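# Survey of secondary and tertiary structure
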Amino acid sequence: MAQIVTNRKSGLSLNHIIGCPLDCGYCVRHFWGNFEQKIPQLLIPTEDAVEMLLTHREFRPHTTPVQLFNKATDPMLPGVKPHTFAVLEEMDRRGLSNLVLVITRFHVTADDMARLERLRHVRPTLLFTYSGIEDARIEPIAKSTTTVDSILNAARHRERSRVILYWRPIVPGWNDTPETMAGVLEVGRHVNAIVFTGYYHKEENAGHLRDLGVEVPYGTGWERRKVLPAEVDARVVQAWKDSGIATPLFRKASCGVTYAHREADYNGHLGVPELCDICPAAQLARCTDAHRAPTRAEFRAALESFGYDETTPFLVEDGHVLTHALGEQRRYALQHALGYQIWEVDHPHLHAAHGRALQGYEPGEDDLRVLADARDRLTESARYDDD
Ligand code: SF4
């Protein structure tokens, strides 16, 4: 929690305020032992935090995607909102055109939208976490219409800003009936894009929910990736098709954000092509045009530009680069810089699992063999690394 600037999959993330009163039962703050901190606390002055972000070795003007307060608070809480705008406005004052993701479920007013619309350079996206869950033990905010009102408000007043319905977490038994899905999709009719995803199944949040009497439909196999079984994925996609709404649906946040801003996905998800079967043709063309494997020299140059160990083993494969022991944060920085998937050899992705946990997926024999061979391929490549 003390790390103020970190690299997350959707962008370089600034978190100099921690603490949240919204009490979502599945919150990731359970993992970090911070769930009991209800009052947002400022760790350092916002002007120092902005400096820290913009001088970070992995920040690139105009290109690095940025996220504000996505780890341990909600950026639109009354005590946090002034800082959210202060960061956005300082970036804008410096003429930076980076994409900035603001993930919230709280009040967004017409005045907030007017202030966002005054930005001239920074390209903001509001992602509203909205699940359709009605059980207030899981999401206390479900008792109110706060999030839906905010989504509709933001959608009505947006011009340059983009608005995404972030449909998560989708969990069997919590919010997967046809009626609930139809209700969420109806709200999604008004926004630029809908992104859907699953739930982080870890001991801390599952224990909290079970103590509240909530049924958590996954076992005790804790996961480092989000869980969303294949059959639920298929039902979500079908519900979206049946709804007839024109708003595109995506499986990854960066896909929704980049579609909304008419850019290619900065995470290079095209390297996992089964993710793209629901993507609009124009966006697929944009990503296809931009998607190019780095040469070995380019990959080494990227390592060098970030000050990473240049002797790190890597192997450029179709759609991704295999690496070992770089660590998640370095891999994300490289991924954003190259627009190409960067994988850790010990956490490979299985075909058609969409980068999710494997609960609810059945890998084929070929998939398992490719995984089992990955380390050998990487070792072999390092041995003949002479270009
Ligand atoms: S084409 Fe694929 S990678 Fe690009 S935005 Fe669409 S789903 Fe994402």
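Parameters at a glance
Residues numbered from 1 in each chain as written. Predicted model: local features only at pLDDT ≥ 70, side-chain atom pairs only at ≥ 80, totals over all residues. Heavy atoms only, no water. Near = heavy atom within 4 Å. Helix = DSSP H or I, 4+ residues; strand = E, 2+ residues; numbered from the N terminus. Nonpolar A, V, L, I, M, F, W, Y, C, P; charged D, E, K, R; others polar. Phe/Tyr/Trp six-rings, centres within 6.5 Å; stacked < 30°, edge-to-face > 60°. Buried < 20%, exposed > 50% of the residue type's maximum accessible area, 1.4 Å probe, protein only. Pairing = 2+ DSSP bridges. Contact = heavy atoms within 4.5 Å. Axes fitted to C-alpha atoms, helices over the stretch in contact; angles between N-to-C directions. Salt bridge = Lys/Arg side-chain N within 4 Å of Asp/Glu carboxyl O. Expected span 1.5 Å × (residues − 1). Domains from an automatic or database assignment. Polar contact = N/O pair within 3.5 Å; in protein donor to acceptor, adjacent residues only side chain to side chain.

## Details of the site of the ligand
The ligand sits among Cys255, Asp265, His269, Leu270, Leu275, Cys276, Cys279, Gln283, Leu284 and Cys287. Sorting elements by how many residues they give to the shell around the ligand places helix α9 (residues 281-290) first, with three residues. Here the shell around the ligand is composed, by residue class, of seven nonpolar, two polar and one charged.

## Here's the deal with the packing of aromatic side chains
Applying the stated criterion across every chain yields a total of six aromatic pairs. Between Trp174 and Tyr199, the aromatic rings sit 5.5 Å apart at their centres with planes inclined by 65 degrees, giving edge-to-face as the arrangement. Separated by 25 residues along the polypeptide, Trp174 in the loop between β8 (162-167) and α5 (178-188) and Tyr199 in strand β10 (residues 199-200) bring together distant segments of the chain. Both residues of the pair, Trp174 and Tyr199, count as buried. Here the aromatic residues Trp174, Tyr199 and Tyr218 are joined through ring pairs into a cluster of three or more.

## As for the sheet that holds strand β7 (residues 123-129)
Pairing within the open sheet is mixed, and its eight strands lie in the order β1-β2-β5-β6-β7-β8-β9-β12. Edge strands, defined here as strands with exactly one partner in the open sheet, are β1 (5-8) and β12 (249-250). Pairing of strand β9 (residues 193-196) with β12, which is carried by two bridges, proceeds in the parallel orientation. When the bridges of β12 are listed, Val195 appears paired with Phe250. Running over the sheet, helix α4 (residues 146-157) touches β7 and β8 and is turned about 155 degrees from β7.

## Some points on the pattern of salt bridges
Once the charged atoms of two side chains with opposite charge are near each other, the side chains can pair. Scanning all chains against the criterion turns up 19 salt bridges. Between Arg94 and Glu51 there is a salt bridge, with the nearest N and O atoms lying 2.8 Å from each other. Separated by 43 residues along the polypeptide, Arg94 in the loop between α2 (81-93) and β6 (99-104) and Glu51 in helix α1 (residues 46-54) bring together distant segments of the chain. Among the residues examined, Arg94 registers a relative accessible area of 36% and is labelled partly exposed. We classify Glu51 as partly exposed; its relative accessible area is 35%. In this structure, a network of salt bridges that share partners links the residues Glu51, Glu90, Arg93 and Arg94.

## Notes on unusual backbone geometry
Between Arg168 and the following residue, Pro169, the backbone shows a cis peptide bond with an omega angle of -10 degrees. Within the element layout of this structure, Pro169 appears in the loop between β8 and α5. Even without being a glycine, Asp23 presents a positive backbone phi close to 60 degrees. The residue Asp23 is located in the loop between β3 (17-18) and β4 (41-42) in this model. Its relative accessible area of 29% is what places Asp23 among the partly exposed residues. Positioned with a positive phi, Phe69 is a non-glycine residue whose angle comes to about 50 degrees. Checked against the element boundaries, Phe69 lands in the loop between β5 (66-68) and α2.

## What about the sheet that holds strand β14 (residues 320-323)?
Pairing within the open sheet is mixed, and its three strands lie in the order β13-β14-β15. Each end of this open sheet is capped by a strand with a single partner; those strands are β13 (314-317) and β15 (341-344). Direction aside, neighbouring strands of the sheet carry axes that sit 25 degrees apart on average. Relative to β13, helix α10 (residues 296-305) is tilted by about 130 degrees, and along the sheet it contacts β13, β14 and β15. Against the sheet, helix α11 (residues 328-338) contacts β14 and β15, and its axis sits at roughly 160 degrees relative to β15.

## Digging into α4
Relative to the 16 Å expected for 12 residues at 1.5 Å per residue, α4 spans 16 Å between its end C-alpha atoms, a close match to the ideal helical length. Residues of α4 that are buried include every one of Thr146, Thr147, Ser150, Ile151, Asn153, Ala154 and Ala155, and no others. Buried residues belonging to α4 abut α3 (110-117), β7, β8 and α5.

## Topic: the environment of Arg224
Secondary-structure assignment places Arg224 in the loop between α6 (203-211) and β11 (226-227). With 144 residues separating them along the chain, Arg224 and Leu368 place their C-alpha atoms 19 Å apart. Apart from the residues lying within four places of it in its own chain, the contact partners of Arg224 are Tyr200, Lys202, Glu328, Arg331 and His347.

## A look at the domain arrangement of the chain
Structurally, the chain comprises domain 1 (5-266) and domain 2 (296-383). On the side of domain 2, 24 residues touch domain 1, which itself brings 27 residues to the contact. Viewed at the interface, domain 2 and domain 1 are joined by one salt bridge. Here Arg8 makes a salt bridge to Glu328, at a shortest N to O gap of 3.6 Å. The interface formed by domain 1 and domain 2 includes six residue pairs in polar contact (both at pLDDT 80 or more). Elements with a minimum of two residues in the side of domain 1 that touches domain 2: β1, β11 and α7 (230-243). Per element, the largest residue contribution to the side of domain 1 that touches domain 2 is three residues, and it comes from β1.

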